[in-house]
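Observations on the three-dimensional arrangement
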Amino acid sequence: MNRKIRLGNHIISEDSPVFVVAEMSANHNMEFDRAVAIIQAAKDAGADAVKIQTYTADTITLDCDAPCFQITQGTLWDGTTLHELYKTAYTPWEWQGRLKEIAEGMGLEFFSSPFDFSSVDFLEAMDVPAYKVASFEITDIPLIKKIAGKKKPVIMATGVAHLSDIELAVRACREAGNEDVILLKCTSAYPTPYEDVNLRTIPSMGDTFDCLTGLSDHTMGNAVAGAAVALGARMVEKHLTLRRSDGGPDSAFSMEPEEFKEMVDNIRKIELALGKVSYDLSPGQQREREHCRSLFVAKDMKAGEVFTPENLRSVRPADGLHTMYYEDILGKRIARDAVLGTPMSWDLVDFR
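What counts and how
Residues numbered from 1 in each chain as written. Predicted model: local features only at pLDDT ≥ 70, side-chain atom pairs only at ≥ 80, totals over all residues. Heavy atoms only, no water. Helix = DSSP H or I, 4+ residues; strand = E, 2+ residues; numbered from the N terminus. 1 Å grid on protein atoms, 1.4 Å probe; cavity = no way out; pocket = protein on both sides within 12 Å on 5 of 7 lines; lining within 4 Å. Points joined across faces, edges and corners; volume = space filled by probe spheres on them. Nonpolar A, V, L, I, M, F, W, Y, C, P; charged D, E, K, R; others polar. Axes fitted to C-alpha atoms, helices over the stretch in contact; angles between N-to-C directions. Parallel < 35°, antiparallel > 145°, perpendicular 65-115°, else oblique. Left-handed = near helix turned anticlockwise from the far one by under 90°. Contact = heavy atoms within 4.5 Å.

**As for unusual backbone geometry**
In this model, Tyr190 is joined to Pro191 through a cis peptide bond whose omega is -5 degrees. Here Pro191 is to be found in the loop between β8 (181–186) and α8 (201–209). Here the bond from Arg316 into Pro317 is cis, since omega is 10 degrees, no more than 30 degrees from zero. For Pro317, the position within the fold is in the loop between β12 (312–315) and α12 (326–329). The backbone of Asp127 shows a phi angle near 60 degrees, a positive value even though the residue is not glycine. Along the polypeptide, Asp127 turns up in the loop between α5 (117–126) and β6 (131–133).

**Considering the layout of surface pockets**
Taken as a whole, the largest pocket spans an internal volume of roughly 790 Å³. Considering the residues around the largest pocket, the lining is formed by 37 residues, among which Trp77, Leu85, Tyr86, Phe136 and Tyr190 are closest to the centre. Counting residues per element, the ones that place at least two in the lining of the largest pocket are β4 (49–54), α3 (82–89) and β10 (235–239). Sort the elements by how many residues they give to the lining of the largest pocket and α3 lands first, with four residues. For the lining of the largest pocket, the per-class residue count stands at 19 nonpolar, 12 polar and six charged. Looking at the second largest pocket, its volume works out to about 230 Å³. Considering the residues around the second largest pocket, the lining is formed by 13 residues, among which Arg3, Glu14, Leu231, Gly232 and Arg234 are closest to the centre. Broken down by element, the lining of the second largest pocket gets its largest block of residues, four residues, from α8. Each residue belonging to the lining of the second largest pocket can be placed in one class, and the counts come to six nonpolar, three polar and four charged.

**Examining the packing of helix α4 (residues 93–105) against α5**
Between α4 and α5, whose axes approach to 11 Å, the crossing angle comes to 30 degrees. By the angle between their axes, α4 is roughly parallel relative to α5. When you trace α4 past α5, the crossing you get is right-handed. Contacts between α4 and α5 involve Trp93, Gln96, Gly97 and Lys100 from the former and Ser118, Ser119, Phe122, Leu123 and Met126 from the latter. Grouping the constituent residues of the contact of α4 with α5 by class yields four nonpolar, four polar and one charged.

Have a look at this one:
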């Protein structure tokens, strides 16, 4: 897989800044102006992209209330059917072209998760720069093949995937001639308990599939996102809303703008702190070495006196001989008079 991927006007690679995605999902609460406000909040918070979801209730599921279509898994949405949930959560398709123009006018990338062939065709007509495969669609190999065939970056969440599911999905992309794949570690629980995140999977997934990796995060707060960056995540996706108290299908586990900005700021600090593998010292560190320990005369001494643990000590600062010579000097005689606080040097040692 490629480890340097162009997504719109951005490069995503192991050396580039982490690509931060604000997921709008259903947080527009079916209000176009609110969707625009979320895009503006994403821009102000420092996001690189806004992502939406492209489906209708009828393209993602069936209008059926049979037991298997009921939501009963202990989620925020228990007590309704899949079809009823998606009727309230989808983003109207007639908005999406306008939202893309608004986002791009702000310098943001704008892309989506399609959920069937018709939504892929719709998004391709909009000329989105990338496609996201949602966690629950990673087992839809025909859909992945169609997406991958567009020869644009494919970002795949792995929230409910077994290793074999990821292998099949990656193979489908490769068979379609698409090597621009980013795998996102994800846990499909809303919100996600910290103990279920398993961030150590991120570097393993990158090694296993030889690809760039990232995080699609549903935990509360930004600690997990920061840790993921430290482990090598090159993309971070978090849900963004204006205020959780406004309600909506995804509001309970979404970030508010101030929290999103804090996360982005922390990610940028972590990037700076990660730096590179280096044992060199900065100028400031080099100056601080002046306070390292070294050997000093610890009592007034007369020429010919023997060095002992009482009159030869390892102390701060670093003006004397290196401490590695301590045992070499013990038992030798001092070559001339010296007062307490004299840095040790070889010309103080009588080697006769």
